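Breakdown of the fold
Chain by chain, the residues run as shown.
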Amino acid sequence: MIIFGRMSAQVPMNMLITGGLITFYKTTPAVIFWQWCNQSFNALVNYTNRSGNSPMPLDQVAKSYVLATSGALITALGLNRLVKRLPPIAGRIVPFVAVAAANCINIPLMRKKELDDGIEVFDENKNFLGESQVAAREGISAVVLSRIVMSSPGMIITPVIMEAIEKRGLLKNMKWAPAPLQIALCGMFLTFATPMCCALYPQISPISIDRLEPELQKTAQKCNSKMGYYNKGL
């Protein structure tokens, strides 16, 4: 596994990127740079943690990366324009909304091969039943939700805390302080949110046989299986 794509790298990498996203959100160049950093890192994580034995051609990785990163940038820049007339706190929340929307683009695109070809499903006795697109859709949906929930404490609570601090003028004479303070807060939240959200769904997830494709159901009947299991990835 690529070292920076491992889940063990989530806290140190994401605290820096998330801190940058919620600190430098007012100018277009800053939004472009930090959203590009975030989606590049997300693409690496999604590729590294794809489900089970799912090889992905480099040309498919490149296409998915370009589409996912473009989608994230369009979302972030579009939202920034919409919230200009809203209270300042709305602008601080834009990075989270953009990241959540981009996760819905990035993860399915980077794991498109799984959606097209399916992922391996086994029964309770570890008999291989086949590859299921249904299981792939369910697993990837779970990953999308867990990633959004994982980023929410740092990207929602931190801006609220910073808004309250700035209203009281506590950092008025320390213009250098917002960035390191927000990075530290994001790191604190991610330390707890990352393992909790990885544990929202089991790595090897169960699925009822009758929800799978007809051909897999027939294979399961031959094995007298009532439950299927698949590796959803992270």
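Residues numbered from 1 in each chain as written. Predicted model: local features only at pLDDT ≥ 70, side-chain atom pairs only at ≥ 80, totals over all residues. Heavy atoms only, no water.

The name recorded for the chain in an unreviewed UniProt entry is Sideroflexin-1-like isoform X2, from Sipha flava. Annotation of the chain in UniProt includes, under Sequence similarities (unreviewed entry), the sentence "Belongs to the sideroflexin family." One UniProt comment on the chain, placed under Subcellular location (unreviewed entry), says "Mitochondrion membrane". (UniProt positions renumbered as here; feature names shortened; annotations may be inferred.)

Here the structure, examined in full by the defined rule, presents 5 salt bridges. Two residues, Glu-166 and Arg-92, come together in a salt bridge whose shortest N-O distance is 2.6 Å. On the criterion of sequence distance, the pair formed by Glu-166 in helix H6 (residues 133–167) and Arg-92 in helix H4 (residues 88–110) is long-range, its members being 74 residues apart. Here the salt bridges do not stand alone but share partners, grouping Arg-92, Glu-163 and Glu-166 into one network. (Salt bridge = Lys/Arg side-chain N within 4 Å of Asp/Glu carboxyl O. Helix = DSSP H or I, 4+ residues; strand = E, 2+ residues; numbered from the N terminus.)

A cluster of nonpolar side chains, Ile-156, Ile-157, Val-160 and Ile-161, forms an exposed patch at the surface whose accessible area comes to about 280 Å². With respect to the helices and strands, the residue Ile-156 is situated in helix H6. (Patch = residues over 30% accessible without salt bridge, like charges linked within 9 Å, V, L, I, M, F, W, Y side chains within 5 Å. Areas by Shrake-Rupley, 256 points an atom, 1.4 Å probe, with all protein chains shown as cover.)

In this section: the sheet that holds strand E3 (residues 204–208). Spatially, E2-E1-E4-E3 is the arrangement adopted by the 4 strands of the open sheet, whose pairing is antiparallel. In this open sheet, the two edge strands, each paired with only one partner strand, are strand E2 (128–132) and E3. In this sheet, neighbouring strand axes are inclined to one another by 35° on average, regardless of whether the strands run parallel or antiparallel. Where strand E1 (residues 119–123) meets strand E4 (residues 227–231), 3 bridges bridge the pair, whose relative direction is antiparallel. Note that in E4 the partner of Asp-123 across the bridge is Gly-228. Helix H8 (residues 214–222) contacts E1 and E2 of the sheet and is inclined by roughly 170° relative to E2. (Pairing = 2+ DSSP bridges. Axes fitted to C-alpha atoms, helices over the stretch in contact; angles between N-to-C directions. Contact = heavy atoms within 4.5 Å.)

So, on to the UniProt feature "transmembrane region" (unreviewed entry) in the chain. The UniProt record marks residues 65–83, 140–161 and 181–201 with the feature "transmembrane region" (unreviewed entry), using the residue numbering of this structure. Split by type, residues 140–161 is 100% helix and 0% strand. Its first and last C-alpha atoms lie 32 Å apart. End C-alpha atoms of residues 181–201 are separated by 32 Å, and the span's content is 86% helix alongside 0% strand.

With that settled, consider the packing of helix H3 (residues 58–82) against H4. As a packed pair, H3 and H4 sit with axes 9 Å apart at the nearest point and diverge in direction by 160°. One way to sum up the angle between H3 and H4 is to call them roughly antiparallel. Read as a crossing pair, H3 and H4 show a hand that is right-handed. Contacts between H3 and H4 involve Gln-60, Val-61, Ser-64, Tyr-65, Leu-67, Ala-68, Gly-71, Ala-72, Thr-75, Ala-76, Leu-79 and Asn-80 from the first element and Val-94, Val-97, Ala-98, Ala-101, Ala-102, Ile-105, Asn-106, Leu-109 and Met-110 from the second. Grouping the amino acids of the contact of H3 with H4 by side-chain chemistry returns 15 nonpolar, 6 polar and no charged. (Parallel < 35°, antiparallel > 145°, perpendicular 65-115°, else oblique. Left-handed = near helix turned anticlockwise from the far one by under 90°. Nonpolar A, V, L, I, M, F, W, Y, C, P; charged D, E, K, R; others polar.)

The next thing to look at is unusual backbone geometry. Within the chain, Lys-126 stands out as a residue other than glycine whose phi angle is a positive 65°. By secondary structure assignment, the location of Lys-126 is in the loop between E1 and E2. Despite not being glycine, Asn-224 has its phi angle at roughly 55°, a positive value.

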